[in-house]
Amino acid sequence: MSFEGYKVTEDMYRYWMISWKEYYLNYYSDVEDTDEFWNGENVQGGTNEEYLTEQTEQRIKYYLVGQALFEQHKLTLDSDEKDAIKTDIDEQIEYYGSRSAFNSHLEEAYGIDVNILKNIYTWEAKYNKVYTYLFDPENGIMTANDEEVDEYYNENTEDKGIAECIVAKNRHGETGAVKLQWIGQYQAFADREWKHAE
């Protein structure tokens, strides 16, 4: 994947896919990392693996656009932000006992090394910096009140009147995200295919 000269390498893509897969499994604590789960149907339609891939690729697109906007707005990471990346990596090296041991862990778990991890962390920090620069409620250059945000959303969304409900636990059914439609006249949510009988 690439955008305006910025390219996500195969190593970066694999790292984010594996990381978000781990997050997904932890979020739905009652599931196991099995082919049956990943090939199982997601409440959005499609399989859980397709849903994870779609969500991961969407997030990667945000990171790509963030790199371009970081440069476009002439932003820089300050020393605290750079130190945070270094500290995070140093703490993990200490946890594993040595740089070599940490590299071995990274290779086994993600197929990367410390240098690639530092690059990934830098991309994430730049994305966060751009997001704060543009949308921070206190200082962002594009701050908006709730009414303006709602108005913009309503004018530009493809899912007008649609809410996403995340079902994290369901003793007798599927888990995942499901989209519901808002029925204003009844002040209720319903299945997207629901129609009032005439």
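How each quantity is defined
- Residues numbered from 1 in each chain as written.
- Predicted model: local features only at pLDDT ≥ 70, side-chain atom pairs only at ≥ 80, totals over all residues.
- Heavy atoms only, no water.
- Core = buried A, V, L, I, M, F, W, Y, C linked by side-chain atoms within 4.5 Å.
- Buried < 20%, exposed > 50% of the residue type's maximum accessible area, 1.4 Å probe, protein only.
- Helix = DSSP H or I, 4+ residues; strand = E, 2+ residues; numbered from the N terminus.
- Contact = heavy atoms within 4.5 Å.
- Polar contact = N/O pair within 3.5 Å; in protein donor to acceptor, adjacent residues only side chain to side chain.
- Salt bridge = Lys/Arg side-chain N within 4 Å of Asp/Glu carboxyl O.
- Phe/Tyr/Trp six-rings, centres within 6.5 Å; stacked < 30°, edge-to-face > 60°.
- Axes fitted to C-alpha atoms, helices over the stretch in contact; angles between N-to-C directions.
- Parallel < 35°, antiparallel > 145°, perpendicular 65-115°, else oblique.
- Left-handed = near helix turned anticlockwise from the far one by under 90°.
- Nonpolar A, V, L, I, M, F, W, Y, C, P; charged D, E, K, R; others polar.

Caption draft 1: Spatial organisation of the nonpolar core. By size, the foremost hydrophobic cluster in this structure holds 36 residues, and its most contacted members are Tyr 15, Trp 16, Ile 89 and Leu 117. Only helix 1 (10-27), helix 2 (35-39), helix 3 (48-72), helix 4 (79-96), helix 5 (99-110) and helix 6 (114-135) provide two or more residues apiece to this core. Counting residues per element, this core draws most heavily on helix 6, at nine residues. When sequence neighbours within four positions are dropped, the list of residues in contact with Trp 16 reads Val 8, Thr 56, Ile 60, Tyr 63, Ile 120, Trp 123 and Glu 124.

Caption draft 2: Expanded view of the environment of Asn 42. Inspection of the secondary structure puts Asn 42 in the loop between helix 2 and helix 3. A C-alpha to C-alpha distance of 6.1 Å links Asn 42 and Gly 176, two positions 134 residues apart in sequence. Engagement of the side chain of Asn 42 in a polar contact is seen with the side chain of Tyr 24, the distance being 3.3 Å.

Caption draft 3: Here's a closer look at the pattern of salt bridges. This structure, assessed with the given rule, holds five salt bridges. Across the salt bridge formed by Lys 86 and Asp 90, the nearest N and O atoms sit 2.7 Å from each other. One end of the pair, Lys 86, and the other, Asp 90, are both in helix 4, four residues apart, so they sit about a helical turn from each other. Members of the salt-bridge network, linked through shared partners, are Glu 10, Asp 11 and Arg 14.

Caption draft 4: Representation of the packing of aromatic side chains in the model. All told, the structure shown has 15 aromatic pairs when counted by the stated rule. Taken together, a centroid distance of 6.5 Å and an interplanar angle of 85° make the contact between Tyr 6 and Trp 123 edge-to-face. Residue Tyr 6 is located in strand 2 (residues 6-7), and its partner Trp 123 is located in helix 6; the two are separated by 117 residues in the primary sequence. Members of the aromatic cluster, connected to one another through ring pairs, are Tyr 6, Trp 16, Trp 20, Tyr 63, Trp 123, Tyr 127 and Tyr 131.

Caption draft 5: Representation of the packing of helix 1 against helix 3 within the structure. For the pair helix 1 and helix 3, interaxial distance at closest approach is 10 Å and the crossing angle is 125°. On the basis of their axis angle, the class for helix 1 and helix 3 is oblique. Our pair here, helix 1 against helix 3, has a crossing hand that is right-handed. In this structure, helix 1 contributes Tyr 13, Trp 16, Met 17, Trp 20, Lys 21 and Tyr 24 to the contact, and helix 3 contributes Asn 48, Tyr 51, Leu 52, Thr 53, Thr 56, Glu 57, Arg 59, Ile 60 and Tyr 63. Here the contact of helix 1 with helix 3 is built from residues that sort into nine nonpolar, three polar and three charged.

Honestly, that's just the spatial picture; any functional story needs more than this.
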